[in-house]
Number of protein chains: 2
Amino acid sequence: MGEIALNIRAVNRPGVLRDITELTALCGINITYTHLFMEDKDHASIYMELEAVKNVEKFIENIRGFDSVLGVDECLSLHEIYGKRIIIIGGGAQVAMVAQGAIAEADRHNIRGEHISVDTIPLVGEEDLSEAVSAVGRLPRVGALVLAGSLMGGKITEAIEEIKKEHDVIVISLNMPGSVTEKADLVVTDPIQAGVMAVMAVADTAIFDIKKLGKKRF
Amino acid sequence: MGEIALNIRAVNRPGVLRDITELTALCGINITYTHLFMEDKDHASIYMELEAVKNVEKFIENIRGFDSVLGVDECLSLHEIYGKRIIIIGGGAQVAMVAQGAIAEADRHNIRGEHISVDTIPLVGEEDLSEAVSAVGRLPRVGALVLAGSLMGGKITEAIEEIKKEHDVIVISLNMPGSVTEKADLVVTDPIQAGVMAVMAVADTAIFDIKKLGKKRF
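What comes next concerns the included structure. (Residues numbered from 1 in each chain as written. Chains lettered and ligands numbered in written order. Predicted model: local features only at pLDDT ≥ 70, side-chain atom pairs only at ≥ 80, totals over all residues. Heavy atoms only, no water.)

1. Description of a negative patch on the surface
Going by this rule: Within the patch definition used here, like charges are joined within 9 Å and nonpolar side chains (Val, Leu, Ile, Met, Phe, Trp, Tyr) within 5 Å, considering only residues with over 30% relative accessible area and no salt bridge. Only the protein chains shown count as cover for residues, and the accessible areas themselves come from Shrake-Rupley with a 1.4 Å probe. Criterion for a salt bridge: a side-chain nitrogen of Lys or Arg within 4 Å of a carboxyl oxygen of Asp or Glu. The charge count treats Lys and Arg as positive and Asp and Glu as negative. His and the chain ends do not count. Charge positions are represented by NZ for Lys, CZ for Arg, CG for Asp and CD for Glu. A run of DSSP states H or I qualifies as a helix once it reaches four residues; a run of E qualifies as a strand once it reaches two. Both are numbered from the N-terminal end. Relative accessibility thresholds used throughout: buried, under 20% of the residue-type maximum; exposed, over 50%; partly exposed, between the two (1.4 Å probe, protein chains only).
Side chains of Asp73 of chain A together with Glu126, Glu158, Glu162 and Glu166 of chain B sit close together on the surface and give a patch of like negative charge. Considering every element that reaches the negative patch, the biggest residue donor is helix 6 (residues 155–166) of chain B, with three residues. Of note, glutamate 126 of chain B is situated in helix 5 (residues 126–135). Relative accessible area serves as the criterion here: at 39%, glutamate 126 of chain B is assigned to the partly exposed category.

Now the structure itself:
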């Protein structure tokens, strides 16, 4: 049964998503991912990934039938386009270096047909960093998180513990003072290598099982 | 009236989102962003940004009342945490250089209280690249797109035209052969500077209006 991705443009008013989700529930369709956002004051864009769609054409026709819906297109899923995400959080200098390693390695895998993205945010301060780490659990398609700083502990470490408990995310830390290195799956000194290893750890075209490395530091 | 962000953990079954969206519609609450994804086979995580919430406590209590809901937390919005996004798409070598400029510049703005993310994907081939450019319109919080390649035209240029028509996204291109440079808001030769300028163009703490530059090349 069909897994499909749809892009729906609609008028922005309460009830639009209700109408669509009511229809999916009635049809026994499971929504695996949905993402609604405002295009402007009057228009919303709803992107949905659905599974167990028995009759795709009929379902799309039904959605088109809603008054508030302006258009529906079947499209590739974000997973097919942007694939797994490596998230790099920390100080600017180090985030940039880890990103360099990760992007170069992702390029090598993507050329062979994979889709791996490298997403980053440079931040300063325990509060901002711990919030960014916690929110990784609310981001889609995350495969690995790299902590690219020179001193991380306290609330950041707590956020890592929480993320690891609730989500299937590999955590790689640069070798640094602070307690985050104790909670990371892997500690790497060279930022370029940390980025490369993060991509290798999530890539399907790499033979690299981070669990087999144990708690070694590189 | 309240704008809030909620993180809802629920059992994965058809109808969960329907129940929640029905409640929001009944309360006249507008969903400005929602994002549902599977945590594992049995659990879904629903992140929502809502506006026009009259009674936040009551609303959260009502959501907690649904059988399929396991927990509800009020949280910071993804905009408050990760902020505006710069998306860099192209070949690995150049994506990495543009990212370096963008991350260093984002760091300087984020230190002053902004939140700017730098998200990248290295890809090869007109098909993959044009799909990635088109899908930028389905990503949230995008402020600018940087095309970091050495030859881009054809379908990639068509995707840029489409994005610019439907979304408020600044497009910066490296100086390269191919028609994409004709459609970009700004053409920059140095990849580091392209990254820096992309961040300056979306930052609130920068005085840099890309429209004032006209169609100059740097």
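2. Quick notes on the interface of chain A and chain B
Short version of the rule: In what follows, residue pairs with any heavy atoms lying within 4.5 Å of each other are defined as contacts. Values labelled buried area give the accessible surface lost by two parts on being combined, using a 1.4 Å probe and summing over both.
In this assembly, 62 residues from chain A lie in contact with 62 residues from chain B. Around 5300 Å² of area is buried between chain A and chain B when both sides are counted, 61% of it from carbon and sulfur atoms. Together, Tyr82, Ile103 and Arg138 of chain A form the three largest contributors to the area buried by chain A at its contact with chain B, with a combined 14%. Linking chain A to chain B there are zero salt bridges.

3. What about helix 2 (residues 56–64) of chain B?
Residue and element names in this part refer to chain B. As a reminder, the rule being used: The reported arc concerns the directions from the helix axis to the C-beta atoms and nothing else.
Every buried residue of helix 2 is accounted for by Phe59, Ile60 and Ile63. Mapping the buried residues of helix 2 onto a view down its axis gives an arc of 95 degrees, with all of them on the same face. Exposed residues pointing more than 90 degrees away from the buried face of helix 2 are listed as Glu57 and Glu61.

4. Re the sheet that holds strand 8 (residues 170–174) of chain B
Rule in force here: By the convention used here, strands pair only if DSSP detects at least 2 bridges between them. For helices, the fitted axis covers only the stretch in contact; all axes are lines through C-alpha atoms, and the angles between them, taken along N-to-C directions, range from 0 to 180 degrees.
An order of 9(A)-8(A)-7(A)-5(A)-6(A)-6(B)-5(B)-7(B)-8(B)-9(B) is seen for the ten strands of this open sheet, with the pairing classed as mixed. Each edge of the open sheet carries a strand with a single partner, namely strand 9 (186–188) of chain A together with strand 9 (186–188) of chain B. When strand polarity is set aside, the average angle formed by the axes of neighbouring strands in this sheet is 20 degrees. Across four bridges, strand 7 (residues 142–148) of chain A lies against strand 8 (residues 170–174) of chain A in parallel orientation. The residue of strand 8 of chain A that forms the bridge with valine 146 of chain A is isoleucine 172 of chain A. Most of the contacts of helix 5 (residues 126–135) of chain A go to strand 5 (residues 84–90) of chain A, to which it runs at about 170 degrees, and overall it touches strand 5 and strand 7 of chain A.

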